[in-house]
Amino acid sequence: MKGATMYNYPKGLYIDVRIEDRYSTRITYRNNELQEQKVRSNKGAFIRVFDGNRWYYASLTNLDSIQDQIFTLAKMATPDPDIANHPYVKMYEVNNEELMQYEKQSLKEVALEEKDKLIKEISDLCTDETIKLTNAFYEEDVTVKEIFTSKGAHVKFDKQTCGLGLSIQCVYEDNKDRFFASIAEIYFSELHKAIPLFKEEIEKNIDFIKHAVSFEPGEYPVLMGPIATGVFTHESFGHKSESDFMVGDEAMRKEWTLGKQVGQSLLTIIDDGTVEGNGFVPFDDEGTRGKKTHIITNGILTDRLHSVATAAALEEKPTGNARSINFEFEPIVRMTTTYIEKGSTPLKDIIKSIDYGIFVDTIKHGSGMSTFTIAPSRAYKIENGKITTPIKTSVVTGNVFETLQLVDAVSEEFQLLSFVGGGCGKMEQYPLPVGFGGPYTLVRKLNVM
């Protein structure tokens, strides 16, 4: 691929340039009335210069000034004649590849009227008398990235997602709650299958608000559906695997030593940047090729997520997880698509094994590091091997280390998910699109409140 020497790189420095061309659309209906219809397009670049001791950054929207900005940053730095042998610089990959997959079916070519019609169909589903407030929206993002480095790398690739989201507030007698559903796909044509899915979600939420009963707090076996499993994995363990938390923290490095048993043998956790969808990263924002990383393999901690800097600091290998939310920010260690690998036990057999417990079907949000919390949206009793009564719960919580050891079953049923509306937050960078999901996962004991 030509173009790796497009810029003049002053000697004695490592330099990379990340250019982003982004096109986005958002259409919103609130209480079945059109509220916004925005189409945006912008370009920008993020430039980094490294002299072996310090990084110098700049972001800009005038792409014609990139070369001038490189020279400006270089004047601030102190050139090192041996910069090529710096541990960071030695690790940067020199990839030269163009991966433009979506140009022939670009979301940019779909008429705005078609997008508006589709989200209006979702909004029109909200007719039940229990639904008091609705917010339905369509979102899409088409991004082309191009990365140049002073080592000679030049990669160019595209990614796109489009999706539908629906938030409704339901009221029935003394019960009042808000529910959210979302789905994202690669191509617009795939979204039409979402209409019956949203209809089903609305019906489940109405049934829930009408029949949910109070529940006694305590410790119970908890069965999590794919959405809950995905958020549990992301929040309880995914962030712990982001290695920038371990650099300079000897206690955490000892706690999370590679080769340590952290779960039962049925537990395997993967982060995979090659999966199409929200977390698709064919190359990360440092130009490292996206990878499938087995963080836990059969209960053993086998890897963690890295940028080049953290890999060098911990004497490990980059994993393609240096990501930023856009060209205004530097890349930091972030997840891509993170999930528990599917098991071999049918879901029906897992449910039958539970005498009395909780099924968390959908959730509102989750958070945590050493201790995690998940706020269920729809949760149900499991009694004598059957899912029964909907229940009102606020939080499901547990200690990460203890919970990983208490995963007793993962189903053969498995689902990876992408969404619109929200994303992952870390430091000041929010929202970053990520994928997650997994099997139905049974934890022997969690606190339910």
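Residues numbered from 1 in each chain as written. Predicted model: local features only at pLDDT ≥ 70, side-chain atom pairs only at ≥ 80, totals over all residues. Heavy atoms only, no water.

As for the pairing of strand S16 (residues 371-383)
Among the 13 residues in S16, 10 count as buried, and that is most of the element. Two strands pair when backbone bridges link them, and strand S15 (residues 356-368) and S16 are joined in this way by 11 bridges, in the antiparallel orientation. Across the sheet, histidine 365 pairs through a bridge with alanine 375, a residue of S16. Hairpin remark: S15 followed by S16, antiparallel, with 2 residues in the connecting loop. Where S16 lies against strand S18 (residues 396-399), 4 bridges are found, and the strand directions are antiparallel. (Buried < 20%, exposed > 50% of the residue type's maximum accessible area, 1.4 Å probe, protein only. Helix = DSSP H or I, 4+ residues; strand = E, 2+ residues; numbered from the N terminus. Pairing = 2+ DSSP bridges.)

Side note on the state of the cysteines
In a disulfide, the sulfur atoms of two cysteines are covalently bonded to one another. By the definition in use, this model includes 0 disulfides. Of all cysteine sulfurs, the one in cysteine 126 lies closest to cysteine 170, which takes part in no disulfide; the gap is 8.4 Å. (Disulfide = S-S within 2.5 Å.)

Some words on the side chain of asparagine 205
As for its placement among the helices and strands, asparagine 205 is situated in helix H4 (residues 194-211). If sequence neighbours within four positions are ignored, asparagine 205 has contacts with Ile168, Phe179 and Arg378. (Contact = heavy atoms within 4.5 Å.)

Things to note about the environment of glycine 273
Within the secondary structure layout, glycine 273 lies in the loop between strand S9 (269-272) and strand S10 (292-297). Given a relative accessible area of 2%, glycine 273 falls into the buried group. A sequence separation of 167 residues divides glycine 273 from tyrosine 440, and the C-alpha atoms of the two residues are 22 Å apart. The residues touching glycine 273, leaving out its near neighbours within four places in the chain, are Gly279, Phe280, Val281, Pro282, Lys291 and Thr336.

Some remarks on the pairing of S9
Covered by surrounding structure in S9 are Ile269 and Asp271 together with Ile270 and Asp272, the residues of both alternating faces. Bridge count between S9 and S10: 4 bridges; the pairing is antiparallel. Bridge assignment links aspartate 272 to a residue of S10, and that residue is lysine 292. Pairing analysis gives 3 bridges linking S9 to strand S14 (residues 337-340), with the strands arranged antiparallel. Within the sheet, the bridge partner assigned to isoleucine 270 lies in S14 and is tyrosine 339.

Considering helix H5 (residues 226-238)
Helix length check: H5, at 13 residues, gives a terminal C-alpha distance of 16 Å against a target of 18 Å (1.5 Å per residue), a shortfall beyond 12%. Counted residue by residue, H5 has 12 buried out of 13 residues, so it is predominantly covered. Among all positions in H5, only Pro226, Ala228, Thr229, Gly230, Val231, Phe232, Thr233, His234, Glu235, Ser236, Phe237 and Gly238 are buried. (Expected span 1.5 Å × (residues − 1).)

Structural notes on unusual backbone geometry
Of note, the amide linkage connecting tyrosine 430 to proline 431 takes the cis form, showing an omega dihedral of 0°. Relative to the helices and strands, proline 431 resides in strand S21 (residues 429-432). Despite not being glycine, asparagine 298 has its phi angle at roughly 50°, a positive value. Summarising the element assignment, asparagine 298 is placed in the loop between S10 and strand S11 (300-301). Despite not being glycine, glutamate 315 has its phi angle at roughly 55°, a positive value. In this fold, glutamate 315 is placed in the loop between helix H7 (308-313) and strand S12 (322-323). With relative accessibility at 74%, the residue glutamate 315 sits in the exposed group.

Section: the nonpolar core
If you look at the biggest cluster of nonpolar residues, it comprises 45 residues, and the most contacted ones within it are Val222, Phe237, Trp256, Ile269, Ile296, Ile358 and Leu404. Elements supplying a minimum of two residues to this core: strand S8 (218-224), H5, S10, S15, S16, helix H9 (400-405), strand S19 (407-417) and strand S22 (435-448). Discounting residues that sit within four places of it in the chain, phenylalanine 237 has contacts with Phe232, Trp256, Ile269, Ile295, Ile296, Leu301 and Leu404. Core analysis: the second largest hydrophobic core is formed by 42 residues, Ile27, Cys126, Leu164 and Ile202 among them. (Core = buried A, V, L, I, M, F, W, Y, C linked by side-chain atoms within 4.5 Å.)

Considering the pattern of salt bridges
Across all of its chains, the model carries 28 salt bridges by this definition. Of the charged contacts, one joins aspartate 285 and arginine 18 as a salt bridge, the two residues approaching to 4.0 Å between their closest N and O atoms. Of this pair, aspartate 285 sits in the loop between S9 and S10 while arginine 18 sits in strand S1 (residues 14-30); the two residues are 267 residues apart in sequence, bridging distant segments of the chain. Comparing aspartate 285 with arginine 18, the two get one shared label, buried. What you see here is one network of salt bridges that share partners, running through Arg18, Glu20, Lys145 and Asp285. (Salt bridge = Lys/Arg side-chain N within 4 Å of Asp/Glu carboxyl O.)

Structural notes on the packing of aromatic side chains
Under the counting rule described, the total for this entry stands at 22 aromatic pairs. On the basis of an interplanar angle of 50° and a centroid distance of 4.9 Å, the ring pair of phenylalanine 215 and tyrosine 220 is categorised as tilted. Each member of the pair, phenylalanine 215 together with tyrosine 220, is buried. Note on phenylalanine 232 and phenylalanine 372: the rings are 5.1 Å apart at their centroids and 70° apart in plane angle, and the pair reads as edge-to-face. (Phe/Tyr/Trp six-rings, centres within 6.5 Å; stacked < 30°, edge-to-face > 60°.)

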